[in-house]
Amino acid sequence: MFANPLAPEWLEAPAEANSLPSTVWSRNSARTESGELAIAGVTVTALVRDFGTPVYVIDEADAIARATDIAAAFESEFARIGTTVKVYYAAKAFLCTEVARWMTAAGLNIDVASAGEMAVALAAGVDASRLGFHGNNKSLSEIDRAVCAGIGPIVIDSVVEIGRVAEAAARHGRTQRVRLRINSGVHASTHEYLATAREDQKFGVPLAEAEAVVAQIRSHSSLEFVGIHSHIGSQIFDTAGFAEAARRLLELHARLSVDAPVPELNLGGGFGIAYTSVDRALPVAELAASLASIVEAECTRLGIVVPVIAIEPGRSIIGPSTTTLYTVGTIKDVLVDGEAVRKYVSVDGGMSDNLRTALYGADYSARLANRTSEADPALVRIAGKHCEAGDIVVRAEYLPGDVELGDLIAVPATGAYGWAMSNNYNYLARPPVVAVRDGHARVIVRGETEDDLLRRDAGITPLGESE
Ligand SMILES: Cc1ncc(COP(=O)(O)O)c(C=O)c1O
Ligand SMILES: N[C@@H](CCCC[NH3+])C(=O)O
């Protein structure tokens, strides 16, 4: 089988470079008879004709199905052990009013991490009581707005927040429901920046201090303590970390239940997805079953009532739904160390629409989208157009060797933390997000224009406007 020595070990030399592995591509992605990629019945040439490139294309039915599936899997597994589940969609992965409505219509709640995310959810008509509020440094004004809006549980992240939330609640004449975020000390096997429960990081309070902190929370009559929370990190594939965190949290939960009942336990999100054909995401049913068994066994061992369980998945719901389309602008065959050629295929976006590769060394896959080809596969690196050597979209992939200027490239699984972390580096405008369903496409987040960017400069009079 053909293989380039520069290829990373994990990258399989493909039998042919046109296939769309179903583990990676959104559920309604397929090749048409002529070989073009179509998503939910809309061909990429039609999408690009109407919306240009780069463009994020979200397979609406896929996103909704994943939300429904995860909720159904957790509800049925936890019903088996006699409790219920509250699923919070982690909005930080991607939020706009349309997505907020899809999630709540599927029965999910929404977890927001700033007043901005809260404002989008409220603008979508989501009842404030269905929102949870996270953040390691919520401002006084964010706390005030959240309490005033009648938000659901606020996750207290540090001792100083207790008084801030209690004071806002008293001022608004409310009893505010709160959780406490615990740093369980579980080292999740993921990128360092994606692990959020190691000792040396900013989130939550350490397990050892938790009982004293909960006592402080309980001393405020304007606060109602509903339970503890743990999120060990993101893009995690094995259940061992979640299991260990659940065990540690349940022990604490049992100790806290001695003084007064603790109704809920929030196990966070972080379930990994497949970005490349070699990634194997845990099926949600398996994940739910394994967490339910651990919770059941621990509650039996500790002699406590099984609490209501909350989870906060973001990536596993929205990540696989989205594909980014780009146009190839330049191609260079670069001989590396006199060894072999790596083809640099540069596209019209980059680290401004997908920061994950530059930030975490994340791996993605890609396909030629406007056609198939029987040409021998070539090892390519898909680079962006920014002034930065690390501006890479896909570090290593095999594409048909006859990839040419003007071809369309599709990068799957960009729905989580893609648009959400997009930026305007080099004054590139953010691309639109287009939802596709049953052969129809519509913009759900408008793309920016150069004029939008120029308007921010206090020294520039917007085109067509006088001083
Ligand atoms: C507190 C919290 N909850 C939920 C999430 C969602 O994580 P993911 O998108 O990996 O499911 C995150 C992000 O890592 C988080 O920080
Ligand atoms: N933004 C990260 C994950 C952090 C999630 C929020 N705690 C990513 O793209 O993978």
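Only a predicted model underlies this, so the values are computations on that prediction, with no experimental measurement involved. Position numbers for residues start from 1 in each chain and track the written sequence from start to end. The lettering of chains begins at A and the numbering of ligands begins at 1, in the order of writing. Per-residue local features of the predicted model are confined to residues with pLDDT of at least 70, and side-chain atom pairs are confined, for both listing and counting, to 80 or more; whole-chain, interface and lining totals are unaffected and use all residues. To obtain the side-chain values, all non-hydrogen atoms of the structure were included, while hydrogens and water were left out.

Focus: the packing of aromatic side chains
Move 1: Note on aromatic pairs: the rings of Phe, Tyr and Trp (six-membered ring only in Trp) are paired at centre separations within 6.5 Å, and the planes decide the class, stacked below 30 degrees, edge-to-face beyond 60, tilted for the rest. A full pass over the atoms with the stated rule returns 5 aromatic pairs.
Move 2: For the pair Phe 94 and Trp 419, a centre-to-centre distance of 5.6 Å together with 75° between the ring planes defines the contact as edge-to-face. Taken together, the residues span a long stretch of sequence, with Phe 94 in the loop between β5 (85–90) and α3 (97–105) and Trp 419 in the loop between β19 (408–412) and β20 (433–437) at a distance of 325 residues.
Move 3: Classification of Phe 94 by relative accessible area gives buried; the value is 3%.
Move 4: What makes Trp 419 partly exposed here is its relative accessible area of 24%.
Move 5: Relative to Tyr 364, the ring of Tyr 275 has its centre 4.9 Å away and its plane inclined at 70°; by these criteria the two rings are edge-to-face. Within this pair, whereas Tyr 275 is found in the loop between β12 (264–266) and α9 (284–302), its partner Tyr 364 is found in the loop between α11 (356–360) and β16 (367–368), the two being separated by 89 residues in sequence. For the purposes of this entry, the term helix denotes a DSSP run of H or I that reaches at least four residues, the term strand denotes a run of E that reaches at least two, and both are numbered from the N terminus. The rule is simple: take the accessible area with a 1.4 Å probe, protein chains only, and divide by the maximum for that residue type; under 20% is buried, over 50% is exposed, in between is partly exposed.

With respect to the UniProt feature "modified residue: N6-(pyridoxal phosphate)lysine" (unreviewed entry) in the protein chain
Move 1: Under the UniProt annotation, "modified residue: N6-(pyridoxal phosphate)lysine" (unreviewed entry) lies at Lys 92.
Move 2: Within the secondary structure, Lys 92 sits in the loop between β5 and α3.
Move 3: Should any heavy atoms of two residues lie within 4.5 Å, those residues are counted as being in contact. Filtering out sequence-adjacent residues up to four positions away, Lys 92 remains in contact with Asp 111, Ala 113, Glu 117, Tyr 417 and Ala 420. UniProt positions are given in the numbering used here, feature names are shortened, and annotations may be inferred rather than shown by experiment.

What about the layout of surface pockets?
Move 1: Empty space within the second largest pocket amounts to approximately 340 Å³.
Move 2: Think of a 1 Å grid over the protein atoms and nothing else: a 1.4 Å probe that fits but is trapped marks a cavity, an open set flanked by protein within 12 Å on at least five of seven lines marks a pocket, and residues with an atom within 4 Å of a point count as lining. Along the walls of the second largest pocket sit 18 residues, with Arg 66, Ala 281, Leu 282, Pro 283 and Val 284 positioned nearest its centre.
Move 3: Broken down by secondary-structure element, the contributors of at least two residues to the lining of the second largest pocket are α2 (60–80) and α9.
Move 4: Any residue outside Ala, Val, Leu, Ile, Met, Phe, Trp, Tyr, Cys, Pro, Asp, Glu, Lys and Arg is labelled polar, Gly included; the first ten of those are nonpolar and the last four are charged. Residue classes in the lining of the second largest pocket are distributed as 9 nonpolar, 4 polar and 5 charged. Grid points are joined across faces, edges and corners, and a volume is the space filled by probe spheres set on the points.

As for the site of ligand 2
Move 1: We define proximity as follows: a residue is near a molecule or strand when any one of its heavy atoms falls within 4 Å of that partner. In the neighbourhood of ligand 2, the contacting residues comprise Lys 92, Leu 194, Arg 315, Arg 356, Tyr 360, Tyr 417 and Met 421.
Move 2: Any pair of nitrogen or oxygen atoms within 3.5 Å is treated as a polar contact; in protein, a donor-acceptor pairing is required on top of that, and neighbouring residues in sequence qualify only through side-chain atoms on both sides. Contacts to ligand 2 include Arg 315, whose side-chain N or O atom sits 2.6 Å from an oxygen atom.
Move 3: Contacts to ligand 2 include Arg 356, whose side-chain N or O atom sits 2.6 Å from an oxygen atom.
Move 4: Isolated, ligand 2 exposes 310 Å² of accessible area, and the fraction of that covered by the protein chains is 84%.
Move 5: Looking at the shell around ligand 2 residue by residue, the class counts come to 4 nonpolar, no polar and 3 charged. The Shrake-Rupley method, run with a 1.4 Å probe sphere, supplies the accessible areas, and residue values consider only the shown protein chains as cover.

Let's talk about the UniProt feature "binding site: pyridoxal 5'-phosphate" (unreviewed entry) in the protein chain
Move 1: If you check UniProt for "binding site: pyridoxal 5'-phosphate" (unreviewed entry), the listed places come out as Gly 270, Glu 312, Pro 313, Gly 314, Arg 315 and Tyr 417 in our numbering.
Move 2: With respect to the secondary-structure elements, Gly 270 resides in the loop between β12 and α9.
Move 3: With near-sequence residues (within four places) excluded, Gly 270 lies in contact with His 231, Gly 233, Ser 234, Gln 235, Ile 236 and Phe 242.
Move 4: With respect to the secondary-structure elements, Gly 314 resides in the loop between β13 (308–311) and α10 (315–318).
Move 5: Assessed through its relative accessible area of 5%, Gly 314 is described here as buried.

Comments concerning unusual backbone geometry
Move 1: The omega torsion across Thr 53 and Pro 54 is -10°, close enough to zero to call that bond cis.
Move 2: Non-glycine residue Gln 235 carries a positive phi angle of around 60°.
Move 3: Topologically, Gln 235 is positioned in the loop between β11 (223–229) and α8 (240–257).
Move 4: With a phi close to 45°, Asp 438 is a non-glycine residue in the positive phi region.

Considering the pattern of salt bridges
Move 1: Salt bridge, as used here, is a side-chain nitrogen of Lys or Arg placed within 4 Å of a carboxyl oxygen of Asp or Glu. Throughout the structure, instances matching the rule amount to 29 salt bridges.
Move 2: With a shortest N-O distance of 3.2 Å, Arg 80 and Glu 77 are connected by a salt bridge. With Arg 80 and Glu 77 both in helix α2, this residue pair falls 3 residues apart, about one helical turn.
Move 3: Taking the relative accessible area as the measure of exposure, Glu 77 reaches 18% and is therefore buried.

Considerations on the pairing of strand β9 (residues 176–183)
Move 1: Where burial is concerned, most of β9 is hidden: 7 out of the 8 residues are buried.
Move 2: When DSSP finds at least two bridges between two strands, those strands are taken to pair. In this structure, strand β8 (residues 154–156) lies alongside β9, joined through 3 bridges in parallel fashion. From the neighbouring strand, Ile 154 faces β9, where its bridge partner is Val 178.
Move 3: Here is how to tell: hold the view so the strands point away, follow the path from the first strand over the helix to the second, and if it runs clockwise the crossover is right-handed. Where the polypeptide runs from β8 across helix α6 (residues 159–171) and back to β9, its parallel neighbour, the crossover connection is right-handed.
Move 4: Here β9 runs beside β11; their pairing, made up of 6 bridges, is parallel. Among the inter-strand pairings, Val 178 is bridged to a residue of β11, identified as Phe 225.
Move 5: Across 2 bridges, β9 lies against strand β10 (residues 205–206) in parallel orientation. Of the residues in β10, the one forming a bridge with Ile 182 is Val 205.

Focus on the site of ligand 1
Move 1: Taken together, 14 residues lie near ligand 1, and His 231, Ser 234, Glu 312, Arg 315 and Tyr 417 sit nearest.
Move 2: A distance of 2.9 Å separates an oxygen atom of ligand 1 from a polar atom in the backbone of Gly 270.
Move 3: Between ligand 1 and Glu 312 there is a distance of 2.6 Å, counted from a nitrogen atom to a side-chain nitrogen or oxygen.
Move 4: Surface burial for ligand 1 is 93%, taken as the share of its 390 Å² of free accessible area covered by protein chains.
Move 5: Each residue belonging to the shell around ligand 1 can be placed in one class, and the counts come to 3 nonpolar, 6 polar and 5 charged.

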